[in-house]
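What follows is the residue order along each chain.
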Amino acid sequence: GISGRKVNVLVVGLDNSGKTTIIERLKPRPKQSSDVVPTVGFTVEELQKGGLTFTVFDMSGAGRYRTLWEQYYREADAVIFVVDSADKLRMVVARDEMEHMLRHPNLRKVPVLYFANKKDLPVAMPPVEIAQALGLEDIKDRPWQIVPSNGLTGEGVDQGVEWLSERLG
Ligand code: GTP
Ligand code: MG
């Protein structure tokens, strides 16, 4: 098909937040897999979306693998940070990991798209509350956006990626 500019997108966030599930929703429907397992280390996918060719780095969010994230900051044109909206207990852990990430010199000015994922769960926090819990209003050195999503149905996923594409195109 028609392939536009190539961009590298790093997908991070705590384990079980729904990163791999969301990435599946970006694939053409026949190629989507519904049985997703926890990522070991990381995987790389190439996807066409909105006239761009995305090389997506799907990182494991498990504690023992989080140190791998920064290996890819240098090449990243954008970051997708996935949050489990229902995981109130670990919101502070997500914030710690995110702040650590944003402080890294190799990731300066790169746009960050936050997916407030699992919006379907009854205990899901609204995106405004998540933004507050993560301290997003304090981010002044880069474009950022938070979009509620449902990785199972794909709701919100295209909307988020469109925002990112507008910053990369
Ligand atoms: P790691 O690879 O371990 O870092 O996890 P991950 O962030 O890639 O999460 P993964 O995509 O494996 O999803 C974890 C679980 O959450 C799976 O059982 C998914 O089916 C489920 N899940 C993902 N998105 C949603 C969502 O929007 N709503 C609900 N209810 N469940 C979801
Ligand atoms: Mg995964």
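Treat the numbers as computed from the prediction; the structure is a model and nothing was measured. (Residues numbered from 1 in each chain as written. Chains lettered and ligands numbered in written order. Predicted model: local features only at pLDDT ≥ 70, side-chain atom pairs only at ≥ 80, totals over all residues. Heavy atoms only, no water.)

**Describing empty space enclosed by the protein**
Heads up, the rule is: The rule is simple: put a 1 Å grid over the protein atoms alone, call a set of points where a 1.4 Å probe fits but cannot get out a cavity, call an open set with protein on both sides within 12 Å along at least five of seven lines a pocket, and count a residue as lining if it has an atom within 4 Å of a point. Grid points are joined across faces, edges and corners, and a volume is the space filled by probe spheres set on the points. The secondary structure listing takes helices from DSSP runs of H or I that are at least 4 residues long and strands from runs of E that are at least 2 residues long, numbered from the N terminus. Just so you know the grouping, Ala, Val, Leu, Ile, Met, Phe, Trp, Tyr, Cys and Pro go in nonpolar, Asp, Glu, Lys and Arg go in charged, and all remaining residues, Gly too, go in polar.
A complete count under the given rule lists two cavities of 30 Å³ or more for this structure. In this model, the largest cavity occupies a volume close to 100 Å³. As for the largest cavity, its lining consists of 15 residues, and the residues nearest its centre are Val9, Leu26, Val56, Ile80 and Val161. Taken together, the elements giving at least two residues each to the lining of the largest cavity come down to strand E1 (6-12), helix H1 (19-25), strand E2 (42-49), strand E3 (52-59), strand E4 (78-84) and helix H4 (157-168). Of the residues forming the lining of the largest cavity, the biggest block, three residues, is contributed by H1. Within the lining of the largest cavity, the residues separate by chemical class into 13 nonpolar, no polar and two charged.

**So, the coordination of the magnesium ion (ligand 2)**
How we decide: Metal coordination here is assigned from N, O and S atoms located within 2.8 Å of the ion, or within 3.2 Å for Na, K and Ca; omission of water means that sites may look incomplete. Only protein chains enter the calculation, and the probe is 1.4 Å; a residue is then buried if its accessible area is under 20% of its type maximum, exposed if over 50%, and partly exposed in between.
Around the magnesium ion (ligand 2), the donor atoms from the protein are Thr20 (OG1) and Thr39 (OG1), and they sit 2.0 Å away. Of the two residues, threonine 20 sits in helix H1 while threonine 39 sits in the loop between H1 and E2, which places them 19 residues apart along the sequence. Classification of threonine 20 as buried rests on a relative accessible area of 18%.

**Considering the site of ligand 1**
Basically, it comes down to this: Working definition: residue near molecule or strand if any one of its non-hydrogen atoms lies within 4 Å of it. Any pair of N or O atoms that falls within 3.5 Å is considered a polar contact. Within protein, one atom must be able to donate a hydrogen and the other to accept it, and sequence-neighbouring residues count only if both atoms are side-chain atoms. Residue-level accessible areas treat just the shown protein chains as cover; the underlying method is Shrake-Rupley with a 1.4 Å probe. Just a note on the criterion: a molecule sits in a pocket or cavity if more than half of its atoms are within 2 Å of the grid points.
Around ligand 1 sit 20 residues in total, of which Lys19, Thr21, Gly61, Asp120 and Gly151 are the nearest. Within the backbone of threonine 39, one N or O atom sits 2.8 Å away from an oxygen atom of ligand 1. Computed on the free molecule, ligand 1 has an accessible area of 650 Å², of which 84% lies beneath the protein chains in the complex. Given that more than half its atoms are within 2 Å of the pocket grid, ligand 1 belongs to the largest pocket. Among the elements that take part in the shell around ligand 1, H1 stands out by supplying three residues, more than any other.

**With respect to the sheet that holds E1**
Put simply, the rule is: Strands pair, by our definition, only if DSSP identifies at least two bridges between them. To get an axis, fit a line to the C-alpha atoms, keeping to the stretch in contact for a helix; angles then go from 0 to 180 degrees between the N-to-C directions. When checking whether two residues touch, look at their non-hydrogen atoms; a contact exists if any pair is within 4.5 Å.
Strands sit in the order E2-E3-E1-E4-E5-E6 across an open sheet of six strands; the sheet is mixed. At either end of the open sheet lies a strand with only one pairing partner, and these are E2 and strand E6 (144-148). Along the sheet, successive strands turn relative to each other by an average axial angle of 20 degrees, direction set aside. Inspection of the sheet shows E2 paired to E3 by eight bridges, in the antiparallel sense. Within E3, the position partnered with threonine 43 by the bridge is aspartate 58. Sheet strands touched by helix H2 (residues 91-102): E1, E4 and strand E5 (112-117). Its angle to E4, the strand with the most contacts, is close to 170 degrees. Helix-sheet contacts for helix H3 (residues 127-134) involve E4, E5 and E6, and the interaxial angle to E6 is about 140 degrees.

**Examining the confidence of the model for the chain**
For clarity, the cut-off: One confidence number per residue, pLDDT, is output by the predictor and ranges from 0 to 100.
When pLDDT is averaged along the chain, the result is 96, and 98% of the positions lie at 70 or above. Taken together, the chains of this predicted complex give a pTM of 0.97 and an interface ipTM of 0.99.

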